[in-house]
Amino acid sequence: MAQEQISSAYLVIQQGPQAGKRVEIWKDCTTIGRSRECDIFLEDISVHRKQASIIYTNAGFVLRDDHGSGDSIVNDKPVKEQLLIDGDNLLFGHTQLLFFSHEATRPFQQPSSRGKESRMGKMLDPNASAIAKLDFTNVRGTVKSFELQPEVTIGRSRDCSIFLEDLAVSRLHATIHQLPNGTYELEDNHSATGTFVNGQPISHCLLQEGDIVQIGANKLTFRRSAF
């Protein structure tokens, strides 16, 4: 199998101690469970040691329940085998994951990387023809911009995509996900002090041009620049 086919899918963990983590699916058979021998190790005592597998087939990626207890859930329904599609919600124990593949995981393109051929014979999705970024103004008034990838983590941990050195910020405070239609969703990761958009506390929020995101004492402005 071509490596580019296998690497075109990934999971984003939504809940639990690993919330916000993106896990690439890069093998013909990717195992999921509480055992550290699994390809995707879930730190959740309610997950079986060998819970499920994601298998690449000619039809696409298939989730297979390996434990047989009927507690591998896709979109709120227990499954034995299920062909996965972009945006499917997977639940193992108390750990929720979102599945993305192909179009949802297209590489983030700089303006110079879009050739004329991409515009021939079709209308471009306005969301796809824009660079999304967060503008951050520090206490000295200096503006720094962060271009958004398909997943961006924000927090006090230096492992985060956007590191905020602020004691009011949780280690993994919030995550921004690019959705299959090209829009961006901000998710608060059960932070201690909350995440605010335009002054309102949120748990999930679709970001719009000019939205002001406040995390701790930090304010970041969401921008989309068409090209």
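Everything discussed here concerns the structure shown above.
Residues numbered from 1 in each chain as written. Predicted model: local features only at pLDDT ≥ 70, side-chain atom pairs only at ≥ 80, totals over all residues. Heavy atoms only, no water.

Caption draft 1: Focus on the nonpolar core. Within the largest apolar cluster, 22 residues are counted, with the highest numbers of intra-cluster contacts made by Leu134, Leu148, Ile154, Ile176 and Leu186. Within the residue set of this core, elements represented by two or more residues are β12 (130-137), β14 (151-155), β16 (174-178), β17 (184-188), β21 (212-215) and β22 (218-226). In terms of residues, this core owes the most to one element, β12, which gives 3 residues. Filtering out sequence-adjacent residues up to four positions away, Leu186 remains in contact with Ala174, Thr175, Ile176, Thr195, Val197, Ile202, Ser203, His204, Cys205, Leu207 and Val213. (Core = buried A, V, L, I, M, F, W, Y, C linked by side-chain atoms within 4.5 Å. Buried < 20%, exposed > 50% of the residue type's maximum accessible area, 1.4 Å probe, protein only. Helix = DSSP H or I, 4+ residues; strand = E, 2+ residues; numbered from the N terminus. Contact = heavy atoms within 4.5 Å.)

Caption draft 2: Focus on the pattern of salt bridges. Counted according to the given criterion, the structure contains 4 salt bridges. A salt bridge links Asp66 to Arg64; the nearest nitrogen and oxygen atoms lie 2.7 Å apart. With relative accessibility at 32%, the residue Asp66 sits in the partly exposed group. For Lys133, the salt bridge goes to Asp135, with nearest N and O atoms at 4.0 Å. On the basis of relative accessibility, which here comes to 15%, the residue Asp135 falls in the buried class. (Salt bridge = Lys/Arg side-chain N within 4 Å of Asp/Glu carboxyl O.)

Caption draft 3: Looking closely at unusual backbone geometry. A positive phi angle, close to 55°, is found at His190, a residue other than glycine. Mapped onto the elements of the fold, His190 is located in the loop between β17 and β18 (195-197). Residue Asn198 is not a glycine yet carries a positive backbone phi of 55°. In this fold, Asn198 is placed in the loop between β18 and β19 (200-202). By relative accessible area, Asn198 is classed as partly exposed at 45%.

Caption draft 4: Representation of the sheet that holds strand β2 (residues 22-25) in the model. Pairing in this open sheet of 6 strands is antiparallel, and the strands run β2-β1-β11-β10-β7-β8 from one edge to the other. A single partner strand is all that each edge strand has here, and the edge strands are β2 and β8 (77-78). (Pairing = 2+ DSSP bridges.)

Caption draft 5: Structural view of the state of the cysteines. Throughout the structure, instances matching the rule amount to 0 disulfides. Summary of cysteine pairing: Cys29 is not part of a disulfide, and the nearest cysteine sulfur, belonging to Cys38, is at 10.0 Å. (Disulfide = S-S within 2.5 Å.)

Caption draft 6: How the structure looks around the sheet that holds strand β9 (residues 81-83). Strand order in the open sheet formed by 5 strands is β4-β3-β5-β6-β9, and the pairing between neighbours is mixed. Whereas interior strands pair on both sides, the edge strands pair on one side only; in this sheet they are β4 (40-41) and β9. With 6 bridges connecting them, strand β5 (residues 52-57) and strand β6 (residues 60-65) associate as antiparallel partners. By the bridge assignment for β6, Ala52 is matched with Asp65.

Caption draft 7: Local environment of the packing of aromatic side chains. Going through the model one piece at a time under the given rule, you end up with 4 aromatic pairs. Centroid distance Tyr56 to Phe61: 5.0 Å. Interplanar angle 70°. Geometry classified as edge-to-face. Its relative accessible area of 21% is what places Tyr56 among the partly exposed residues. Counting every residue linked through ring pairs, the aromatic cluster contains Tyr56, Phe61 and Phe99. (Phe/Tyr/Trp six-rings, centres within 6.5 Å; stacked < 30°, edge-to-face > 60°.)

Caption draft 8: View of the environment of Cys160. Among the secondary structure elements, Cys160 is positioned in the loop between β14 and β15 (162-163). Overall, Cys160 belongs to the buried group, its relative accessible area being 10%. Cys160 sits 12 residues away from Leu172 along the chain, and the two C-alpha atoms are 7.1 Å apart. Ignoring sequence-local partners within four residues, the contact set of Cys160 consists of Thr153, Ile154, Gly155, Arg171 and Leu172.

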